[in-house]
Amino acid sequence: MSLIEALVAAFALYFITGFLNNVLREEVQVNKRVHKLSSLVSALIIFGIILGVRLLLGSISHFYIGVEYYLFRYLTNDFFLFAIMTTLFLRLHPKFLKKFSKNRLPDDENNIQSEHFRRLYKKFVIITWIIGGIFLSSSLLQIPLESGDKFYLGFIWAMLFIGFAIIITQVINKTRPIEKRIPKFVLKQAMYTGGLISFGIWAIQLIIVELYISRYIFKDLFLLDIYILYEQDIRILIVAVISLYAIFYYIFLKRVFMPRALERSELKIQKAFEVYDKKQSEEIRSVGNNVILNVQDLTTYFYTEEGIVKAVEGVSFKIQEGETLGLVGETGCGKSVTALSILQVVRPPGKIEKGKIIFRGEDLLQRSISGILEYRGKDITMIFQDPLNSLNPVFKIGTQITETYLLHMENELLVEATKQDKSIFAVAREWGEQLLHDLNIPFPELIFDQYPHELSGGMRQRVQIAMGLACSPKLLIADEPTTALDVTIQNQILKLMKELKSKFNTSILFITHDLGIISKMCDRVAVMYSGFIVENGDIKKIFIKPYHPYTRGLIGSVPIVGKKRRRLEVIKGMVPNLIYPPSGCRFHPRCNYCFEPCDSKVPKSIEVEPDYFVACHLYDAEYKELAEISIKKVGE
Ligand code: SF4
């Protein structure tokens, strides 16, 4: 084994171990990143050891030609050294696995996962030792190969045909109706086990017959001309290898992996019932006037080449169970970034700098990536402004809706499927169609099999709402859901959302710049300006007596039917550039009331009435006298 061969063997070892880990069921797979790292380091160390040993043995056999030293030359046999490499890996890999997986998983979880990999890997080590042993013995007995090319081609052809058979198996499974398909991990296990065993049998008999039997026994006896068979007639190879694969695939699928999967799914159903019952009782207990979302001091910046865009600056608000909070403000004031931060889908160069997003008592910013995926799309969902961009154009409507159920409501689906004696896919379809029906979509069973481009804008938006409501979320974030729609459809959608809210007791964060929609939909309003919440309170109070000059400007600029005005009122000036925001109160360059501390001090949030907050120096007791002078001036 030379430098190149040792390197190839080390990488082969790395890829084979990755493959073995992939064959395992997802729940017992070793974390892929940790596995890759520890395999790579172990393989490289082993490469160094083997190369050193190889050089040592090579030089000994080179200098000492005596018979007793031939052994050193035989020990450098490639297959034998590879078997040693696989055994060394067995010792090294767990050590690095432990080192790299630190703080990623609890210890016992790690152990369970690495144990499954270890068990499978040991089988691979046994195979390498059998092959290594055979080659070592042929080397010791000094048996040369008569036709090396054909011999090695035999392995390559066998590998290719087994690969081909595996692809065909997968294609056949994919063409079956979804409820009749063999589960992915069961299929993988059966395919790869069948493939490995058939290749193993082919390889071992090829070695034994080619090296020993054909030349010493059958060739002389003329009883059966196996040697001619071993000229590697490709037709025999195809039939033999594929038949072996089919036999072992079928045996392992039916006798081993399917029964095991059934056993596991029974346990899963049992667990699903327990979780379902527990959840039901918890939900009954938690119904009440609780705060469902408490956002505290949320700050999100975008680090662009031009500078730091301070999009959300210390935003705080609360949403009660079953309540609709409107988030209103001009375009570019940070409403959507606030929503994206709650779901933690702010893309780089954006970054959530600080704050807390406390959802049902837990800070979501402290969750791991898998923890975030658990609540995103299930407990908190979002409806976007443009459904055509947020629906996937290559999947049917039904596939996209059922995916939500399959990802987030597996337990509920299992319970229902067991009760109705149906497959979970059939139940998911039923639920999806019912949801579309609830959203007044005509012929849901037909819409289910259509693609997004086949529907009108209003229908697409309803489908998106259906996806948002599929898991009965606790909080729905609607980011300008009706902006792209005409007024009639807008009204229908708003009515629908109201009905669904009362049906599912869902809290809604409704983002819009349309005060008319806010007045129809919301219980409370938070007014945002340039990354800050400047006013937050009861809907009626805000419309009757707005406090903040910006809110007054917003309400004043809404045209009222029947009220004559010479000119439409506007807020003077432009929304500031968030890379270079104004100092102090960000509204001060546009504010008529601007006075002494406004351009230097950021106003704090003041509770002007119970549960009603305004961030303006006009209501700060500290600047009472200066504020009165400013109000008088504007009045004049
Ligand atoms: S803090 Fe000053 S500038 Fe800002 S809104 Fe109030 S009065 Fe206007």
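Residues numbered from 1 in each chain as written. Predicted model: local features only at pLDDT ≥ 70, side-chain atom pairs only at ≥ 80, totals over all residues. Heavy atoms only, no water.

**Structural notes on the sheet that holds strand β4 (residues 350-359)**
Here is step 1: On the basis of which strands lie adjacent, the open sheet formed by 4 strands has the order β2-β1-β4-β5 and antiparallel pairing. Looking at the sheet topology across the chains shown, the edges are occupied by β2 (308-320) and β5 (362-363).
Here is step 2: The sheet contact formed by strand β1 (residues 291-303) and β2 spans 9 bridges and is antiparallel. Its bridge partner being in β2, L298 is matched across the sheet by V315.
Here is step 3: Sitting on the sheet, helix α10 (residues 335-343) touches β1, β2 and β4, and the angle it makes with β1 is about 110°. (Pairing = 2+ DSSP bridges. Helix = DSSP H or I, 4+ residues; strand = E, 2+ residues; numbered from the N terminus. Contact = heavy atoms within 4.5 Å. Axes fitted to C-alpha atoms, helices over the stretch in contact; angles between N-to-C directions.)

**Thoughts on the packing of helix α13 (residues 397-408) against helix α17 (residues 457-469)**
Here is step 1: Packing of α13 against α17 brings their axes to within 8 Å, and their N-to-C directions diverge by 20°. Regarding the angle of α13 to α17, the classification is roughly parallel. In terms of crossing hand, the pair formed by α13 and α17 is right-handed. In contact with I397, Q400, I401 and T404 of α13, α17 contributes V463, A466 and M467.
Here is step 2: Within the contact of α13 with α17, the residues separate by chemical class into 5 nonpolar, 2 polar and no charged. (Parallel < 35°, antiparallel > 145°, perpendicular 65-115°, else oblique. Left-handed = near helix turned anticlockwise from the far one by under 90°. Nonpolar A, V, L, I, M, F, W, Y, C, P; charged D, E, K, R; others polar.)

**Some thoughts on the site of the ligand**
Here is step 1: Around the ligand, a shell composed of H548, P549, C585, F587, H588, C591, Y593, C598, C616, H617 and L618 is seen.
Here is step 2: Under a 2 Å grid-point criterion requiring more than half of the atoms, the pocket assigned to the ligand is the largest cavity.
Here is step 3: For the shell around the ligand, a count of residues per class yields 8 nonpolar, 3 polar and no charged. (Near = heavy atom within 4 Å. 1 Å grid on protein atoms, 1.4 Å probe; cavity = no way out; pocket = protein on both sides within 12 Å on 5 of 7 lines; lining within 4 Å. Sits in = over half its atoms within 2 Å of the grid points.)

**Looking at the layout of surface pockets**
Here is step 1: Of the pockets and cavities examined, the second largest pocket occupies roughly 2,000 Å³.
Here is step 2: Along its surface, the second largest pocket is lined by 50 residues, and I16, L20, F124, I127 and L196 are the ones closest to its centre.
Here is step 3: Broken down by secondary-structure element, the contributors of at least two residues to the lining of the second largest pocket are α1 (3-23), α4 (78-100), α5 (107-140), α6 (148-175), α7 (184-221) and α9 (234-286).
Here is step 4: Element by element, the count of residues in the lining of the second largest pocket is highest for α5, at 12 residues.
Here is step 5: Broken down by class, the residue content of the lining of the second largest pocket amounts to 35 nonpolar, 8 polar and 7 charged. (Points joined across faces, edges and corners; volume = space filled by probe spheres on them.)

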